[in-house]
Amino acid sequence: MITAEFVENAVRQLSSEELVKFRQWYAEFDADLWDAQIEADAAAGKLYALAAEALADYHNHRYQIK
């Protein structure tokens, strides 16, 4: 199994060019994981309470426009 420490050491050894490529890859990878988690939470109904609260605040004029 690869550990976080192993990855950290490998990243430290990357050239500037390879670090740029890694950052770009990781940003996309992390965003994809985030999107998948949001989709899973939405499908499981975990966001309903937040949506209901936001709508109630809106209908009761409890919001701020910045």
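Rules used in this analysis
- Residues numbered from 1 in each chain as written.
- Predicted model: local features only at pLDDT ≥ 70, side-chain atom pairs only at ≥ 80, totals over all residues.
- Heavy atoms only, no water.
- Phe/Tyr/Trp six-rings, centres within 6.5 Å; stacked < 30°, edge-to-face > 60°.
- Helix = DSSP H or I, 4+ residues; strand = E, 2+ residues; numbered from the N terminus.
- Polar contact = N/O pair within 3.5 Å; in protein donor to acceptor, adjacent residues only side chain to side chain.
- Buried < 20%, exposed > 50% of the residue type's maximum accessible area, 1.4 Å probe, protein only.

Caption draft 1: Looking closely at the packing of aromatic side chains. All chains considered together, the criterion is met by six aromatic pairs. Each ring, one from Trp-25 and one from Phe-29, has its centre 4.9 Å from the other, and the planes form 15 degrees; the classification is stacked. With Trp-25 and Phe-29 both in helix α2 (residues 16-43) and four residues apart, the pair spans about one turn of that helix. Aromatic pair Tyr-26 and Phe-29: ring centres 6.0 Å apart, planes at 45 degrees, arrangement tilted. Of this pair, Tyr-26 and Phe-29 both sit in helix α2, three residues apart, which is roughly one turn of the helix. Three or more aromatic residues joined by ring pairs form one cluster here, namely Phe-22, Trp-25, Tyr-26 and Phe-29.

Caption draft 2: Summary view of the environment of Ala-54. Relative to the elements of secondary structure, Ala-54 occurs in helix α3 (residues 48-59). In this structure the C-alpha to C-alpha distance between Ala-54 and Ile-38, which are 16 residues apart in sequence, comes to 17 Å.

Caption draft 3: Main features of the side chain of Asp-41. As for its placement among the helices and strands, Asp-41 is situated in helix α2. Polar side-chain contacts of Asp-41 include one of 2.8 Å to the side chain of Gln-37.

Caption draft 4: Quick look at unusual backbone geometry. The residue His-61 is not glycine, and still its phi comes out positive at about 55 degrees. Position of His-61 relative to the elements: it lies in the segment after α3. According to the relative accessible area criterion, His-61 is exposed, its value standing at 65%.

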